[in-house]
Amino acid sequence: NFASFAVSPAKALAAGDLVKGPNSDAVYYIGANGKKYVFPDSKTYFTWYKNFNGVKTVTISELDNYPAGGAVTYRAGTKLVKTVDSNKVYAVEPGGSIRWIKDEATAKALWGANWAKMVNDVIPGYFFSTYTVGSDLGSMYPTGSLVQKNGDATIYYVDGTTIRPFATGDAFTVNGFDFAFIVKTDSLSGYTTGSSITGAESALSSISASSNVPQLGGSVMVSLASDTPAS
């Protein structure tokens, strides 16, 4: 659950806005398609944003103007994910694609001995209904990762087998990246160096969301206990 937080007063909404209703802490992202996408929890939110400063409080009527589009997924290259009822850990790529990390040796080789500290539990109802399972992860970092070779000041964005250097610190921050998610490594062999990232690129900063909305099934029956006192 989200903790209580102060928010900005409501203004006209536009694509990219973050909003919440007056009686709930749930935060939504307004998509370019005019739909709202919910952040399932604060852990998901903080892979995209550092604080709640940009969240606007709107009326229920204003929220109702935007149909539910689905749920926001973890940002690629930030955290590893799993569910509480499974030991299988996945890396997240853009678009909510997840790739199973087959063994601990692979995880250590990519993220170091403390890789387990990167793992977050995703709410079960939002896992396979929101994410798409891709191929198993091999020896290369998943797309969306931020990597930096030890002893080198250059930060790279991983795009498949290509790594793209950030030309400046501004090019890094303008795309909403967080230095806390950079992975340090001894080697970047096997990658091809691509074009530099010199400014904002929508493909790098766009929120990833799924159109699948978790549904609860089955029937619920409610009755009074046999020892309930009479009125």
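Computed from a prediction, not measured in an experiment: that's the story for all the values here. Just so you know, the residues in each chain are numbered from 1, in the order the chain's sequence is written. Given that this is a predicted model, residues contribute local features only at a pLDDT of at least 70 and side-chain atom pairs are listed and counted only at 80 or more, while totals for whole chains, interfaces and linings are drawn from all residues. With hydrogens and water set aside, each side-chain value is computed from the structure's full complement of heavy atoms.

1. Section: the overall build of the protein
A helix here means a DSSP run of H or I that spans at least four residues, while a strand means a run of E at least two residues long, and both kinds are numbered starting from the N terminus. A count of helical and extended segments in the protein gives five helices and 16 strands. Each residue is assigned to one of three classes by its accessible area relative to the maximum for its type, calculated with a 1.4 Å probe on protein chains only: buried under 20%, partly exposed between the two thresholds, exposed over 50%. Put simply, the protein has 231 residues, and 42% of those count as buried. Between two residues, a contact is recorded if the distance between any of their heavy atoms is within 4.5 Å. For the protein, long-range pairs separated by at least 24 residues make up 69% of all intrachain contacts whose partners lie at least 6 apart in sequence. As displayed, the protein has an accessible area near 12,400 Å², and 51% of this comes from carbon and sulfur atoms. What sets the accessible areas is the Shrake-Rupley method with a 1.4 Å probe; for residues, cover comes only from the shown protein chains.

2. Concerning the packing of aromatic side chains
Any Phe, Tyr or Trp ring, taking Trp's six-membered ring, that has another such ring centre within 6.5 Å forms a pair; planes under 30 degrees apart are called stacked, those over 60 apart edge-to-face, and the others tilted. In total, this model carries 16 aromatic pairs according to the counting rule given. A ring pair is formed by phenylalanine 172 and phenylalanine 177, whose centres lie 5.6 Å apart and whose planes are at 45°; its orientation type is tilted. Among the aromatic residues, those joined into a ring-pair cluster are Phe39, Tyr45, Phe46, Tyr49 and Phe52. For a ring to carry a charge above it, either NZ of a lysine or CZ of an arginine must fall within 6 Å of the ring centroid while also lying within 35 degrees of the normal to the ring plane. Positioned above the aromatic ring of tyrosine 28, the side-chain terminus of lysine 36 is 5.9 Å from the ring centre.

3. Looking at helix α3 (residues 104-111)
Taken as a whole, α3 has its buried residues at Thr106, Ala107, Leu110 and Trp111. Buried residues of α3, viewed axially, fall in a sector of 100°; they line one side. Among the exposed residues of α3, those pointing more than 90 degrees away from its buried face are Ala105 and Ala109. Where α3 is buried, its residues contact β6 (80-82), β7 (90-93) and β14 (182-185). Backbone geometry just downstream of α3 places glycine 112 in the positive-phi region, at approximately 85°. In this context, the arc is that of the directions from the helix axis out to the C-beta atoms.

4. A short note on the sheet that holds strand β2 (residues 28-30)
Taken in spatial order, the six strands of this open sheet run β4-β1-β2-β3-β5-β16, and their pairing is mixed. Edge positions in the sheet fall to β4 (55-57) and β16 (209-210), since each has one partner strand and no second. Of the pairings in the sheet, the one linking strand β3 (residues 36-38) to strand β5 (residues 68-72) comprises three bridges and is parallel in character. The residue bridging tyrosine 37 from the neighbouring strand is glycine 70, located in β5. For two strands to pair, DSSP has to find at least two bridges joining them.

5. A word on the confidence of the model for the protein
The predicted model of the protein has a mean per-residue pLDDT of 88, with 86% of residues at 70 or higher. pLDDT runs from 0 to 100 and stands for how confident the predictor is about each residue. Low pLDDT (under 50) marks residues 213-231, which in the prediction has five contacts with non-local residues, meaning those over four places away or in another chain.

6. A short note on the sheet that holds strand β9 (residues 119-121)
A sheet is described by the order of its strands in space; here five strands give the open sequence β9-β6-β7-β8-β10, paired in mixed fashion. Each edge of the sheet is formed by a strand with only one pairing partner; in this case those strands are β9 and β10 (132-133). Direction of pairing for β6 relative to β9: parallel, over a ladder of three bridges. Across the sheet, residue lysine 82 finds its bridge partner in β9, namely aspartate 121.

7. Examining the environment of serine 196
With respect to the helices, strands and loops of the structure, serine 196 is situated in the loop between β15 (192-193) and α5 (202-205). For the pair serine 196 and threonine 168, spaced 28 residues apart in sequence, the C-alpha to C-alpha distance is 9.4 Å. Serine 196 has contacts with Arg164, Pro165 and Ala167, leaving out every residue within four places of it along the chain.

8. Observations regarding the pairing of strand β13 (residues 162-165)
In this sheet, β13 lies alongside strand β12 (residues 156-159) in antiparallel orientation, the contact comprising four bridges. Bridged to tyrosine 156 within β13 is proline 165. The hairpin formed by β12 and β13 contains two residues between the paired strands, and glycine 160 there has a positive phi angle of roughly 70°. Direction of pairing for β13 relative to β15: parallel, over a ladder of two bridges. When the bridges of β15 are listed, threonine 162 appears paired with threonine 192.

9. Quick notes on the nonpolar core
In this description, a nonpolar core means a group of buried Ala, Val, Leu, Ile, Met, Phe, Trp, Tyr and Cys residues linked to one another through side-chain atoms lying within 4.5 Å. With 18 residues, the main nonpolar core has Leu80, Ile101, Trp111, Tyr141 and Val147 as its most contacted residues. At the level of elements, α3 and β12 are the ones that each hand at least two residues to this core. When residues in this core are grouped by element, the largest group, three residues, is from α3. In this structure, valine 147 is in contact with Tyr141, Thr154, Ile155, Tyr156, Val158, Ile182, Val183 and Leu188, ignoring residues within four places of it in sequence. Residues Phe39, Tyr45, Trp48 and Ile207 belong to the second largest nonpolar core, which totals eleven residues.

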